[in-house]
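Spelled out, the chains give:
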Amino acid sequence: MNHLKTFTLLAALTALFVGLGYLIGGPKGMLIALVLAGGMNLFSYWNADRIVLKMYRAQPVDETHPNAVVRTYVADVVQMARDAGLPRPVVAIIPNDQPNAFATGRNPEHAAVCATTGLLDMLTRDEIRGVMAHELAHVRNRDTLTMTVTATVAGAIAALSNFAMFFGGGDDRERPGGILGTLALMILAPMAAGLVQMAISRGREYEADRVGAEIAGDPHSLASALQKIDGHARRIVNPTAERNPASGQLFIINPLAGRGADNLFSTHPATGNRVKALTALGLKMGVATRRTVAAGQARGPMSTSVPTTPAPSRGPWG
């Protein structure tokens, strides 16, 4: 159903784009806007992993890292990717206290998965596995491609609206609705495109939760992780995300500290709704609910909690 919903929303975006292009600039204007928007988004698509990793100062890591938790994190990601039939992704850490994670890359062969140092500090090993399985699910589902397509079409719609603003003189009598109709399209079309784009993003998050829970084999650890991340993300600012809000949809939890239930203006589903869906999935899978471990609490000799280091130094992170 999520795939069907995504296809339907993409079709709606395409229909909106075609209709807007015809009403504003005719076939020629539509083609110009599509080429411009498509060119910008195509460049971003082919260079997405490098752009985003550099933006967030992500540091690639491997099994030789001096920190034991990082080595475990890498080993678990590599093992889950192998079990999911995926090529080995680039595994990175982001020096940021806000607990969060994301995946990027144009396809599974050029994918990167990243966790913040805050996430590794806070979660247990099982919870980290659940989060990274969610990110691997995005890679396997090729969600980066889906979101690039939606961004391309939404960008083309915005370009057409700008075209109408600057080149919308002409003979308005030949346009349906005249100048008032043109102004309405300029304002409403980008808003509608943004709403559809956000709806697609929310749908992909639910699907990645489901597939990620299956990859990790433990829906409850992912649900527990989401609750912890959501609570702390509301209190810890992510400066890079604040400066680049368009990148917010990449993360497992909105890094801009969005609140409330699912709504038209949210790129992420409400965490409570995601937890309910994962709990129901756990019952179907026959996985027993586990006791939630408090943030930073050790699990005896198997603890993967990273000792907190004073800012600004990250100590063992290197």
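Use the structure listed above.
Residues numbered from 1 in each chain as written. Predicted model: local features only at pLDDT ≥ 70, side-chain atom pairs only at ≥ 80, totals over all residues. Heavy atoms only, no water.

A. Layout of the nonpolar core. In this structure, Tyr73, Leu119, Val131 and Met132 are the most contacted members of the largest nonpolar core, which totals 44 residues. The contacts of Tyr73, once residues within four sequence positions are left out, are Val61, Val91, Ala92, Ile93, Val113, Cys114, Ala115, Leu120, Ile128 and Met132. (Core = buried A, V, L, I, M, F, W, Y, C linked by side-chain atoms within 4.5 Å. Buried < 20%, exposed > 50% of the residue type's maximum accessible area, 1.4 Å probe, protein only. Contact = heavy atoms within 4.5 Å.)

B. How the structure looks around the packing of helix H4 (residues 68-83) against helix H6 (residues 125-140). With their axes 10 Å apart at the nearest point, H4 and H6 run at an angle of 45 degrees to one another. With respect to their mutual orientation, H4 and H6 come out oblique. Where H4 crosses over H6, the two elements pack in a sense that is right-handed. Here Thr72, Tyr73, Asp76, Val77, Gln79, Met80 and Ala81 of H4 come into contact with H6, specifically with Arg125, Ile128, Arg129, Met132, Ala133 and Leu136. Among the residues making up the contact of H4 with H6, the classes are represented as 8 nonpolar, 2 polar and 3 charged. (Axes fitted to C-alpha atoms, helices over the stretch in contact; angles between N-to-C directions. Helix = DSSP H or I, 4+ residues; strand = E, 2+ residues; numbered from the N terminus. Parallel < 35°, antiparallel > 145°, perpendicular 65-115°, else oblique. Left-handed = near helix turned anticlockwise from the far one by under 90°. Nonpolar A, V, L, I, M, F, W, Y, C, P; charged D, E, K, R; others polar.)

C. Just the pattern of salt bridges, in detail. All chains considered together, the criterion is met by 10 salt bridges. Among the ionic pairs, Glu214 bridges to Arg210, the shortest N-O distance being 3.1 Å. In this pair, Glu214 and Arg210 are both assigned in helix H8 (residues 178-216), 4 residues apart and thus about one turn of the helix distant. For Glu214, a relative accessible area of 40% puts it in the partly exposed group. Owing to a relative accessible area of 36%, Arg210 belongs among the partly exposed residues under this scheme. Bridged by salt links that share partners, the residues Asp76, Arg125 and Arg129 form one connected network. (Salt bridge = Lys/Arg side-chain N within 4 Å of Asp/Glu carboxyl O.)

D. Quick look at the pairing of strand E2 (residues 90-94). By the criterion of burial, E2 is predominantly enclosed, with 4 of the 5 residues buried. For strand E1 (residues 59-60) and E2, the ladder comprises 2 bridges, and the chain directions are antiparallel. Opposite Gln59, over in E2, you have Ile93 as the bridge partner. Taken together, the 5 bridges between E2 and strand E4 (residues 112-116) define a ladder with parallel strand orientation. Among the inter-strand pairings, Ile93 is bridged to a residue of E4, identified as Ala115. (Pairing = 2+ DSSP bridges.)

E. Structural view of a nonpolar patch on the surface. Judged by side-chain polarity, Ile187, Leu188 and Met191 come together as a nonpolar surface patch covering roughly 320 Å² of accessible area. If you trace the backbone, Met191 turns up in helix H8. (Patch = residues over 30% accessible without salt bridge, like charges linked within 9 Å, V, L, I, M, F, W, Y side chains within 5 Å. Areas by Shrake-Rupley, 256 points an atom, 1.4 Å probe, with all protein chains shown as cover.)

F. Examining the environment of Met122 more closely. Structurally, the position occupied by Met122 is in helix H5 (residues 117-122). Taking the C-alpha atoms as reference, Met122 lies 9.7 Å from Gln98; in sequence the two are 24 residues apart.

G. Main features of unusual backbone geometry. Even without being a glycine, Arg57 presents a positive backbone phi close to 55 degrees. In this structure, Arg57 sits in the loop between helix H3 (48-55) and E1. One non-glycine residue, Arg142, lies in the positive phi region at around 55 degrees. Overall, the relative accessible area of 40% leaves Arg142 in the partly exposed class.

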